[in-house]
Amino acid sequence: MLKEMKIVKKQQEILENLLKFLPFGPNLITLLSLVVAIFAVYFIFINNILGAFLILISFVLDFLDGAIARAKKQTTALGAYLDGMTDRFVEFLVLFPFIIFDWSRVPAIIILFFGTCMHSFSKAYADHRRLLKTQEVLEIKSLFGRKERGLSLIGAVFLYLLDFVDYSYYLFWIGAFLSIIGFLFLEYKIYQKVKEKL
């Protein structure tokens, strides 16, 4: 929805024009995002606020890899696959320290990660089983998608590392609830599109 706004399209166009001239490709940025997330986990484990900033950088790099691919006209199936797999791995890395720190967060984290994975799997499986064409799957609007989940994770990490542990806990549960709602909404949208074709 955000991408459809004219001002966002214009800013994206300007950004893509700037990114054309970078000397490295999108897959390198994707892998860099993963490396930054690994360092972020270390800093979260030692309870250092730098961990939250590194997660933010990792998510920004995740945004940039796609923009660089489009700007350089280097979009590939391998790049899309690598991006999606790296996204899930980074989300797991971000959540992992909180499983270790506090077992009371485990149910929320499992539900949040389940909703995240099912969201991705649902789209991929609808395409794989040819329920919908790839383009139709890509056109489905998400509710509590990657960006929103990423922002809620970053917010929860910041709150935790700033000693607002209870608020962090609430944000994990809100994220878990919204990820399941988002997954169910996606299932409904896929069902609607398939029903239209019958």
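Parameters at a glance
Residues numbered from 1 in each chain as written. Predicted model: local features only at pLDDT ≥ 70, side-chain atom pairs only at ≥ 80, totals over all residues. Heavy atoms only, no water. Helix = DSSP H or I, 4+ residues; strand = E, 2+ residues; numbered from the N terminus. Rg over C-alpha atoms; globule rule 2.2 N^0.38 Å. Buried < 20%, exposed > 50% of the residue type's maximum accessible area, 1.4 Å probe, protein only. Contact = heavy atoms within 4.5 Å. Areas by Shrake-Rupley, 256 points an atom, 1.4 Å probe, with all protein chains shown as cover. pLDDT = per-residue confidence, 0-100. Salt bridge = Lys/Arg side-chain N within 4 Å of Asp/Glu carboxyl O. Phe/Tyr/Trp six-rings, centres within 6.5 Å; stacked < 30°, edge-to-face > 60°. Polar contact = N/O pair within 3.5 Å; in protein donor to acceptor, adjacent residues only side chain to side chain.

(A) Spotlight on the overall build of the protein chain. In terms of regular secondary structure, the protein chain is built from 8 helices and 0 strands. Across the protein chain, helices and strands are ordered from the amino to the carboxyl terminus as α-α-α-α-α-α-α-α. Relative to the 2.2 N^0.38 estimate, which gives 16 Å for 198 residues, the radius of gyration of the protein chain is 18 Å and therefore close to what a compact globule would have. Expressed as a percentage of the 198 residues in the protein chain, the buried residues total 38%. Considering only intrachain contacts with a sequence separation of at least 6, the fraction spanning at least 24 residues in the protein chain is 77%. Only carbon and sulfur atoms are counted for the fraction: they give 71% of the accessible area of the protein chain, which is about 11900 Å².

(B) Structural view of the confidence of the model for the protein chain. Looking at the protein chain, the pLDDT average stands at 88 and 95% of residues meet or exceed 70. Across the protein chain, the secondary-structure element scoring lowest on mean pLDDT is helix H1 (residues 6-19), at 72, and the one scoring highest is helix H2 (residues 26-45), at 94.

(C) Molecular detail of the pattern of salt bridges. This model, assessed by the stated rule, comprises 5 salt bridges. Across the salt bridge formed by Asp 62 and Arg 146, the nearest N and O atoms sit 3.3 Å from each other. Note that Asp 62 is positioned in helix H3 (residues 50-71) and Arg 146 in helix H7 (residues 146-161), a separation of 84 residues in sequence. Arg 146 sits in the partly exposed class, given a relative accessible area of 36%. With its nearest N and O atoms 3.2 Å apart, the salt bridge here joins Arg 88 to Glu 91. Separated by 3 residues within a single helix, Arg 88 and Glu 91 lie in helix H4 (residues 77-101), roughly one turn from each other.

(D) Region of interest: the packing of aromatic side chains. Across all of its chains, the model carries 15 aromatic pairs by this definition. Between the aromatic rings of Phe 45 and Phe 96, the centroid separation amounts to 6.1 Å while the plane-to-plane angle is 70°, which identifies the pairing as edge-to-face. A residue pair is termed long-range when its members are at least 10 positions apart, and Phe 45 in helix H2 and Phe 96 in helix H4 qualify at 51 residues. Its relative accessible area of 33% is what places Phe 45 among the partly exposed residues. Ring centres of Phe 101 and Tyr 160 lie 5.5 Å apart, and the angle between their planes is 5°; this geometry places the pair in the stacked category. Taken together, the residues span a long stretch of sequence, with Phe 101 in helix H4 and Tyr 160 in helix H7 at a distance of 59 residues. According to the relative accessible area criterion, Phe 101 is partly exposed, its value standing at 30%.

(E) Focus on the side chain of Thr 116. Topologically, Thr 116 is positioned in helix H5 (residues 106-128). Side chain to side chain, Thr 116 and Arg 149 meet in a polar contact 3.1 Å long. Discounting residues that sit within four places of it in the chain, Thr 116 has contacts with Arg 88, Glu 91, Arg 149 and Ser 179.

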